[in-house]
Amino acid sequence: QLLGNQDHIKVELEKLKKTHDEQQQKLEERVLALGKELQEAKGAIGDSRHGLVQQSAVLLTSQGQLQEVEAENSRLQLQLKELNEEYRSRLAQYIRDLANYMDSKPSSVTGHSRAPAGHAAMKNFVDSMLRDIRASYKSREEQLARAARGYKKRMKDLAKKHENLLIAYGLQREQIRSLGSSAMDCGPAELHLSVTDPELLTNSSRELNRLREEKAKLEMQLQELQQGLDLVSGHDRNELLCHRQLDEEGWAEVRKKLREFTLNTQEDLEQQRSQLLTRAVVAEEQVSELQGYIDQHLAR
C-alpha cells in the first residue's frame, strides 16, 4: 500500500516545494522592499540632520546679533535715562529761578491789599508742584523696578525648569541608546538645546554646558569609530565585542563622573544661593533705608 501511494506522496511534495518557493520569493521581495525603505529613511534622516545643522548655524548667528542689539539698546536706555535726569534738574532749576524772580518783583498794587506773607507764594506753589512730580517719578520708578525684578525671577524660574527638562531629556537619550541599536536616532544632543544667555547662566549651568560639550565630542568620536568598525571586514567577533565593552565602560565612567559632580556641587551651590539671597535681601533693605533717608534730608 505504501509503494502504491508513492505517486500521491510525490505530488504532495511537489506542492509543498512549490508553496515553499513562493513564500521564500515573497519573503525576499519583502526584505528588499524593507531595505529600500530603510535606505530612504536614512537618507531623509541625513537631510533632516543637515537642515538642523544649517538652522543651528543661523540660530547662533541670530543670537549673536540679538546680543549686540540688546547691548546697544541697554546703552541707549542708559543714555536716555541720564538725559532725562539732566532735563529734570534743569527744568526744576528754571522753575525755581522763575518763582524767585516773580516773588522778588515789586508789586504794582498799592495800599494794604498785598500782604507781607504773599512774597513767597509763587515759591511755595513751585515747591509743592516739584514735590508732587518727584513723588510721581519715584512711584513710577518703584513700579518699574518691581516689574523688572518679577521679570528676572520668572526668567530664572523658566531657565531652571528648562535645565531640569534638559537633564531628563539627556537621561532619556541614554536609556534609548542603551536599549536600542547604535544606529538609532536619539534626537539632537543636549548641547544644541541648552540656554546660552549669560544673564540666565549660573556656575552649575556653565559647568553642565561644558560637560555636555565634551559629551557631544565623545559621541561624535564614538560614531566615527563605529562607522570605521563597520567598514573594516575580517575582524574577529571577540575583538568587536571587546571594543563595544570598552565603549560601554567609557560611557559608564562618564555617567559616574557626572553623578559625582552633581552630588558634590549641588550642596555647595545651594548654600551659596542661600547666602546670596540673604545678602540680596539685606542689600535691598539698606537701599530702601538709604533712599528714605535721602528723600527726607535732601531738601534740608
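Predicted, not measured: the structure shown is a model, and the values here were computed from it. (Residues numbered from 1 in each chain as written. Predicted model: local features only at pLDDT ≥ 70, side-chain atom pairs only at ≥ 80, totals over all residues. Heavy atoms only, no water.)

### Some points on the overall build of the protein chain
Across its full length, the protein chain carries four helices and zero strands. Reading the protein chain from its N end, one meets helices and strands in the order α-α-α-α. Here the protein chain holds 300 residues, and the buried ones make up 9% of them. Long-range contacts, defined as pairs at least 24 residues apart, comprise 62% of the intrachain contacts of the protein chain with a sequence gap of at least 6. For the protein chain, the accessible surface area stands at approximately 25,100 Å², while carbon and sulfur atoms represent 57% of it. (Helix = DSSP H or I, 4+ residues; strand = E, 2+ residues; numbered from the N terminus. Buried < 20%, exposed > 50% of the residue type's maximum accessible area, 1.4 Å probe, protein only. Contact = heavy atoms within 4.5 Å. Areas by Shrake-Rupley, 256 points an atom, 1.4 Å probe, with all protein chains shown as cover.)

### Concerning the packing of helix 1 (residues 6–104) against helix 2 (residues 121–179)
As a packed pair, helix 1 and helix 2 sit with axes 8 Å apart at the nearest point and diverge in direction by 165°. With respect to helix 2, the axis of helix 1 lies roughly antiparallel. Considering how the two elements wind past one another, helix 1 and helix 2 form a crossing that is right-handed. Touching Glu85, Arg88, Ala92, Ile95, Arg96, Ala99, Asn100, Met102 and Asp103 of helix 1 are Ala121, Met122, Lys123, Val126, Met129, Leu130, Arg134, Tyr137 and Glu141, all from helix 2. (Axes fitted to C-alpha atoms, helices over the stretch in contact; angles between N-to-C directions. Parallel < 35°, antiparallel > 145°, perpendicular 65-115°, else oblique. Left-handed = near helix turned anticlockwise from the far one by under 90°.)

### Focus: the pattern of salt bridges
In total, this model carries five salt bridges according to the counting rule given. Two residues, Arg88 and Glu85, come together in a salt bridge whose shortest N-O distance is 3.5 Å. Linking Arg88 with Glu85, this pair stays in helix 1, spanning three residues, or about one helical turn. On the accessibility criterion, Arg88 (26% relative accessible area) is partly exposed. Since its relative accessible area comes to 36%, Glu85 is described here as partly exposed. One network of salt bridges, in which partners are shared, links Glu85, Arg88 and Glu141. (Salt bridge = Lys/Arg side-chain N within 4 Å of Asp/Glu carboxyl O.)

### Focus on the confidence of the model for the protein chain
Of all residues in the protein chain, 81% have pLDDT values of 70 or greater, and the mean over the chain is 77. Note on residues 109–117: pLDDT is under 50 here. Beyond four places in sequence and across chains, it has four contacts. (pLDDT = per-residue confidence, 0-100.)

### So, the environment of Ser48
Considering the arrangement of structural elements, one finds Ser48 in helix 1. Accessibility expressed as a relative area gives 43% for Ser48, which makes it partly exposed. Within the structure, Ser48 has its side chain in polar contact with the backbone oxygen of Ile45 (distance 2.6 Å). (Polar contact = N/O pair within 3.5 Å; in protein donor to acceptor, adjacent residues only side chain to side chain.)

### As for helix 1
Counted at 1.5 Å a residue, the expected span for helix 1 with its 99 residues is 147 Å, and the 141 Å between its end C-alpha atoms agrees. Every buried residue of helix 1 is listed here: Ala92, Ala99 and Asp103. Where the residues of helix 1 are buried, they touch helix 2. (Expected span 1.5 Å × (residues − 1).)

### Thoughts on a positive patch on the surface
Taken together, the side chains of Lys152, Lys156, Lys160 and Arg273 define a basic patch exposed on the protein surface. No other element matches helix 2, which puts three residues into the positive patch. Inspection of the secondary structure puts Lys160 in helix 2. (Patch = residues over 30% accessible without salt bridge, like charges linked within 9 Å, V, L, I, M, F, W, Y side chains within 5 Å. Lys, Arg positive; Asp, Glu negative; His and termini not counted. Charge placed at Lys NZ, Arg CZ, Asp CG, Glu CD.)

### Remarks on a nonpolar patch on the surface
A surface patch of nonpolar side chains, amounting to about 520 Å² of accessible area, comprises Leu98, Tyr101, Met102, Met122 and Phe125. Those elements that place two or more of their residues in the nonpolar patch are helix 1 and helix 2. Considering every element that reaches the nonpolar patch, the biggest residue donor is helix 1, with three residues. Within the secondary structure, Phe125 sits in helix 2. Residue Phe125 is classed as exposed on the basis of its relative accessible area of 52%.

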